[in-house]
Protein chains: 2
Amino acid sequence: MAKKNLESGIMTAAEKLFIEKGFEATSTTDITKMVGCNQALVNYYFRTKEKLFQQIFSQKLDHILSFMTLESNQNISLFDFIPQFINAYFEELSNNRKLPFIIINELVINKERRKFIREEIILKEQFQNYYSTLTRLVKAEIEKGTIRNIDTSDLLLHIISLTVFTFISLPLYEDFFLKDEVAVRNYVAARKEEIITLIINGIRVN
Amino acid sequence: MAKKNLESGIMTAAEKLFIEKGFEATSTTDITKMVGCNQALVNYYFRTKEKLFQQIFSQKLDHILSFMTLESNQNISLFDFIPQFINAYFEELSNNRKLPFIIINELVINKERRKFIREEIILKEQFQNYYSTLTRLVKAEIEKGTIRNIDTSDLLLHIISLTVFTFISLPLYEDFFLKDEVAVRNYVAARKEEIITLIINGIRVN
DNA sequence: GCTGTTTTTAATAGACCTATTAAATAATTC
DNA sequence: GAATTATTTAATAGGTCTATTAAAAACAGC
């Protein structure tokens, strides 16, 4: 039962290639070439290339969800919650810089696969709890008069937009003026702080 | 010389399909089937599928650039400039809802094609002028003490992130609770106003 | 209406891709 | 250690894709 060896080897290679080049541009031959085994093993272990893809992205989405949960059930102020969440989100994407591309490309564009985001994230209890927590915090601050009237969905979308787009645009920035890994990290860190500032200032009533 | 007929017909169909399904997933057979002509005509007029793609996206980028120029050489306050730009940008993307996808997918991800964004936008005089104008307006307000210290590049990236991501996430919102075209338009309009508010508040010093 | 050029077509080469099959090898069980 | 099961391979069917070629059709000028 050396099974797990090649099965997980194929998953690892496939994950790398799918994220790097997308679903269409990655062939099962590419994947098995990277593993160093026969192409037929993809079908042996995963039945089809599509099922392999879905298995990998169920996992990925699960991981994203789990990191959201971490932040949700704490009893803190909105003004601590937002930076904490953005920090965690940046941390996550820093370690998976190309994840936004694949999620947008394969999971948002593709109508069939969009249900994955629905089922694996939005409808999950963890996310619903997270969203409720955020709503509660927002409402509290609005009532206190510390922030302007704003929907939870708008606030969340602001955070996601600004965070995700940092990594979407990163390849362009790298081409232009981020010459090494240190420069990239500094840029991302600075961007994170700027985003936190924008959002806090952008909702706060002075 | 019925030439322009099929040549532009192919371009129109190709543009529609490339934006709808991406480069890889669109075959020259698909394109010519839509036009109703022979597949070989793609190669007759454009030599290769890649060249056809590049020709279409040179045009698209040119169009994006031209709409930026429109906004740049006016002598207005930053607080008018930002809403004006965001309005124009939203208008543009409302009429090309899937444009962000294709730009991210084919032009940002693909290292070879990234030079197109560089050459057709960023290095162009029009963009540089636009950027200078924005920088001048930002500096003026910082010196007046009306906005906090912020880089032009950060401000521009905020605007682009929030605007583009509205349309990136739109398919998901449509699946969930935007049941018809009217709902979509209302949502996008509300989102635009919220983004303008966030950015203005987010940079303003009170 | 004939001649030369341009446009369009049909046919196909050559490459690659996924999934299937049958056979070979490795591992496990009794 | 023979039988059974699980894993891996080689070979290939059947599909699709891009680009090329040669021939047919449409069009131009004279």
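Residues numbered from 1 in each chain as written. Chains lettered and ligands numbered in written order. Predicted model: local features only at pLDDT ≥ 70, side-chain atom pairs only at ≥ 80, totals over all residues. Heavy atoms only, no water.

Caption draft 1: Examining the interface of chain B and chain A more closely. Between chain B and chain A, the residue contacts involve 41 residues of the former and 41 residues of the latter. Here chain B and chain A share an interface that buries about 3800 Å² over both sides, 67% of which is from carbon and sulfur atoms. Joining chain B to chain A, the criterion identifies eight salt bridges. The partner of Asp175(B) in a salt bridge is Lys111(A), and the shortest N-O contact between them spans 3.9 Å. (Contact = heavy atoms within 4.5 Å. Buried area = accessible area lost by both parts, 1.4 Å probe. Salt bridge = Lys/Arg side-chain N within 4 Å of Asp/Glu carboxyl O.)

Caption draft 2: Examining the domain arrangement of chain A more closely. All names here are of chain A. Assigned domains within chain A: domain 1 (1-47) and domain 2 (49-203). On a C-alpha basis, the centroid separation for the pair domain 1 and domain 2 is 29 Å. With 16 residues of domain 1 at the interface, the matching set in domain 2 holds 15 residues. Summed over both sides, the interface of domain 1 with domain 2 buries roughly 1500 Å², with 71% coming from carbon and sulfur. Together, Met11, Ile19 and Phe23 form the three largest contributors to the area buried by domain 1 at its contact with domain 2, with a combined 44%. Summed over the shared surface of domain 1 and domain 2, the number is two salt bridges. (Domains from an automatic or database assignment.)

Caption draft 3: Quick look at the pattern of salt bridges. Residues and elements named next belong to chain A. Summed over all chains, the structure comprises 26 salt bridges over all chains. Put simply, glutamate 106 and arginine 113 hold a salt bridge, and the shortest N to O gap is 3.2 Å. The exposure class of glutamate 106 is buried, given its relative accessible area of 11%. (Buried < 20%, exposed > 50% of the residue type's maximum accessible area, 1.4 Å probe, protein only.)

Caption draft 4: Spatial organisation of the relation of the copies chain B and chain A. Turning chain B through 180° and shifting it by 0.0 Å along the axis lays it on chain A, with an RMSD of 0.1 Å. The superposition of one copy onto the other is thereby described by a two-fold rotation axis. Within chain B, Gly202(B) has its C-alpha nearest the rotation axis, a separation of 1.9 Å. In this assembly, 100% of the residues forming the interface of chain B have copies in chain A that are likewise at the interface, indicating an isologous arrangement. (Least-squares fit on C-alpha atoms with pLDDT ≥ 70 in both.)

Caption draft 5: Summary view of helix α5 (residues 78-94) of chain B. All names here are of chain B. Over its 17 residues, α5 extends 24 Å from the first C-alpha to the last, a length consistent with the 24 Å expected when each residue adds 1.5 Å. Those residues of α5 not exposed but buried are Leu78, Phe79, Phe81, Ile82, Pro83, Phe85, Ile86, Ala88, Tyr89, Phe90, Glu92 and Leu93. One side-chain oxygen at the N-terminal end of α5 lies 2.9 Å from the backbone nitrogen of phenylalanine 79; it belongs to serine 77. (Helix = DSSP H or I, 4+ residues; strand = E, 2+ residues; numbered from the N terminus. Expected span 1.5 Å × (residues − 1). Polar contact = N/O pair within 3.5 Å; in protein donor to acceptor, adjacent residues only side chain to side chain.)

Caption draft 6: Broad picture of the nonpolar core. Leu52(A), Leu155(A), Leu52(B) and Leu155(B) are the most contacted members of the largest nonpolar core, which has 148 residues in total. Leaving out residues up to four positions away in the same chain, Leu155(B) has contacts with Leu78(B), Ile82(B), Leu134(B), Val138(B), Ile150(B), Ile199(B) and Ile203(B). (Core = buried A, V, L, I, M, F, W, Y, C linked by side-chain atoms within 4.5 Å.)

Caption draft 7: Region of the structure containing the protein's contact with DNA strand D. In the neighbourhood of DNA strand D, 19 residues make up the surrounding shell, with Leu6(A), Asn38(A), Tyr45(A), Thr28(B) and Gln39(B) lying closest. A share of 68% of the atoms of DNA strand D within 4 Å of the protein falls on sugar and phosphate groups. Measuring from a phosphate oxygen of DNA strand D, one finds a backbone N or O atom of Lys49(B) at 3.0 Å. Listing elements by their share of the surface near DNA strand D, those giving two or more residues are α1 (3-21) and α3 (40-46) of chain A together with α2 (28-35) and α3 (40-46) of chain B. At four residues, the largest contribution of residues to the surface near DNA strand D is made by α3(A). Per-class residue counts for the surface near DNA strand D are eight nonpolar, eight polar and three charged. (Near = heavy atom within 4 Å. Nonpolar A, V, L, I, M, F, W, Y, C, P; charged D, E, K, R; others polar.)

Caption draft 8: Layout of the packing of α5(B) against helix α9 (residues 152-168) of chain B. Residues and elements named next belong to chain B. At their nearest, the axes of α5 and α9 sit 10 Å apart, and the two run at 30° to each other. The angle between α5 and α9 falls in the class roughly parallel. Read as a crossing pair, α5 and α9 show a hand that is right-handed. Contacts between α5 and α9 involve Leu78, Ile82, Phe85, Ile86, Tyr89, Phe90, Leu93 and Ser94 from the first element and Leu155, Leu156, Ile159, Ile160, Thr163, Val164, Thr166 and Phe167 from the second. When the residues that make up the contact of α5 with α9 are grouped by side-chain class, the tally is 13 nonpolar, three polar and no charged. (Axes fitted to C-alpha atoms, helices over the stretch in contact; angles between N-to-C directions. Parallel < 35°, antiparallel > 145°, perpendicular 65-115°, else oblique. Left-handed = near helix turned anticlockwise from the far one by under 90°.)

Caption draft 9: Molecular detail of unusual backbone geometry. Despite not being glycine, Arg47(A) shows a phi value in the positive range, around 70°. Mapped onto the secondary structure, Arg47(A) falls in the loop between α3 and α4 (49-72).

Caption draft 10: The environment of Ser132(B), seen in detail. All names here are of chain B. In this fold, serine 132 is placed in helix α8 (residues 125-144). Relative accessible area serves as the criterion here: at 44%, serine 132 is assigned to the partly exposed category. Through-space distance from the C-alpha of serine 132 to that of glutamate 15 is 32 Å; in sequence the pair is 117 residues apart.

Caption draft 11: The packing of aromatic side chains, seen in detail. For the structure shown, the criterion picks out 28 aromatic pairs over all chains. An angle of 40° between the planes, with centres 5.8 Å apart, marks the rings of Phe81(B) and Tyr130(B) as tilted. Taken together, the residues span a long stretch of sequence, with Phe81(B) in helix α5 and Tyr130(B) in helix α8 at a distance of 49 residues. You'll find Phe81(B) and Tyr130(B) in the same group, each marked buried. Ring geometry for Phe85(B) versus Tyr130(B): centroids 5.2 Å apart, planes at 50°, classification tilted. Taken together, the residues span a long stretch of sequence, with Phe85(B) in helix α5 and Tyr130(B) in helix α8 at a distance of 45 residues. An aromatic cluster of three or more residues is present, and its members are Phe81(A), Phe85(A), Tyr89(A), Phe127(A), Tyr130(A) and Tyr131(A). Between Lys49(B) and the ring centre of Phe23(B), over which it is positioned, the NZ or CZ distance is 4.3 Å. Between Arg113(B) and the ring centre of Phe53(B), over which it is positioned, the NZ or CZ distance is 4.3 Å. (Phe/Tyr/Trp six-rings, centres within 6.5 Å; stacked < 30°, edge-to-face > 60°. Lys NZ or Arg CZ within 6 Å of the ring centre and 35° of its normal.)

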